[in-house]
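Here is how the chains run, residue by residue.
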Amino acid sequence: MLKHRGFPGRLPGTDFQFTIRRPNKKGATPLIARERFADRRPADRKADTAFMMALWFQFGDQPFERGNLDAGRLSWLFGREVIPAEDPFDSESYEALLKIDERRARTSFPDAFDPDEIGGK
């Protein structure tokens, strides 16, 4: 499992996890597209924005390996802002390649792409 050096482990001051420390002995947790409802808590929305910001800062528009990125956090964006970068795609692989759908991500999380926000969070 690739460990993304320099990627934040969690949202500062919270328990919202962005990375995992070690691979699951039973295999990678499958990525699923979780539905985000309009009534989600503000803290959850902030975590999604911060995670998208970290993904964009680390990888930009280039494909990236899933590696040690948290499956739960990725699943909130998977199928919309984060999409498979390979076909066939194995959602249960730490080596699976993903990419950011920039157009959709900028629409959903405009603050994640704001240069003033990057230094302020």
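For every chain, the first residue of the written sequence is number 1, and numbering continues from 1 along that sequence. For a predicted model such as this one, the threshold for reporting local features is a pLDDT of at least 70, and the threshold for listing and counting side-chain atom pairs is 80 or more; totals across whole chains, interfaces and linings nevertheless cover every residue. To obtain the side-chain values, all non-hydrogen atoms of the structure were included, while hydrogens and water were left out.

A. Representation of the nonpolar core. The term nonpolar core refers to a set of buried residues drawn from Ala, Val, Leu, Ile, Met, Phe, Trp, Tyr and Cys, joined through side-chain atoms within 4.5 Å. Here's how the labels work: a residue is buried when its accessible area is under 20% of the maximum for its type, exposed when over 50%, partly exposed in between, all with a 1.4 Å probe on protein chains only. One finds Phe7, Met52, Leu55, Phe64 and Val82 to be the most contacted residues of the largest nonpolar core, which totals 27 residues. Elements with a contribution of two residues or more to this core: α1 (42-59), α2 (71-75) and β3 (97-100). Secondary structure elements are defined from DSSP: runs of H or I of at least 4 residues count as helices, runs of E of at least 2 residues count as strands, and each element is numbered from the N terminus. For this core, the element with the highest residue contribution is α1, accounting for 9 residues. Setting aside chain neighbours within four positions, we find Met52 in contact with Leu77, Glu81, Val82, Ile100, Ala105, Phe109, Ala112 and Phe113. Here, residues are in contact when the closest pair of their heavy atoms is within 4.5 Å.

B. Layout of the side chain of His4. With respect to the element layout, His4 can be found in the segment before α1. Not counting residues within four places of it along the chain, the set of residues in contact with His4 comprises Gln58, Phe59, Glu65, Arg66, Gly67, Asn68 and Leu69.

C. Quick peek at α1. Helices are assigned an expected span. That span is 1.5 Å times one less than the residue count. Between its terminal C-alpha atoms α1 stretches 26 Å, which fits the 26 Å expected from 18 residues at 1.5 Å a residue. What α1 keeps buried is the set Asp44, Ala47, Asp48, Thr49, Ala50, Phe51, Met52, Met53, Ala54, Leu55, Trp56 and Phe59. Phi turns positive, to about 60 degrees, at Gly60, one or two residues after α1.

D. Quick look at the packing of aromatic side chains. Classification of ring pairs uses Phe, Tyr and Trp, with its six-membered ring standing for Trp, and accepts pairs whose centres are within 6.5 Å; under 30 degrees between planes counts as stacked, over 60 as edge-to-face, and the remaining range as tilted. In this structure the tally under the stated criterion is 6 aromatic pairs. For the pair Phe78 and Phe89, a centre-to-centre distance of 5.6 Å together with 25 degrees between the ring planes defines the contact as stacked. One end of the pair, Phe78, is in the loop between α2 and β2 (82-84); the other, Phe89, is in the loop between β2 and β3, and 11 residues separate them in sequence. We call a charge positioned above a ring when the Lys NZ or Arg CZ atom is no farther than 6 Å from the ring centre and deviates by at most 35 degrees from the ring normal. Taking NZ or CZ as reference, Arg40 lies 4.0 Å from the ring centre of Trp76, over its face.

E. Quick peek at unusual backbone geometry. The omega angle of the peptide bond from Asp87 to Pro88 is 5 degrees, so this bond is cis rather than trans. Inspection of the secondary structure puts Pro88 in the loop between β2 and β3.

F. Representation of the pattern of salt bridges. Take a side-chain nitrogen of Lys or Arg and a carboxyl oxygen of Asp or Glu: if they are within 4 Å of each other, that pair is a salt bridge. Per the stated rule, a full pass over the model turns up 7 salt bridges. The partner of Asp48 in a salt bridge is Arg40, with the nearest N and O atoms 2.3 Å apart. A residue is classified by how much of its surface remains accessible, and Arg40, at 11% relative accessible area, is buried. A salt bridge links Arg80 to Glu81, with the shortest nitrogen-to-oxygen separation between them at 3.9 Å. Judged by its relative accessible area of 1%, Glu81 is buried. A network of salt bridges, in which partner residues are shared, links Arg36, Arg80 and Glu81.

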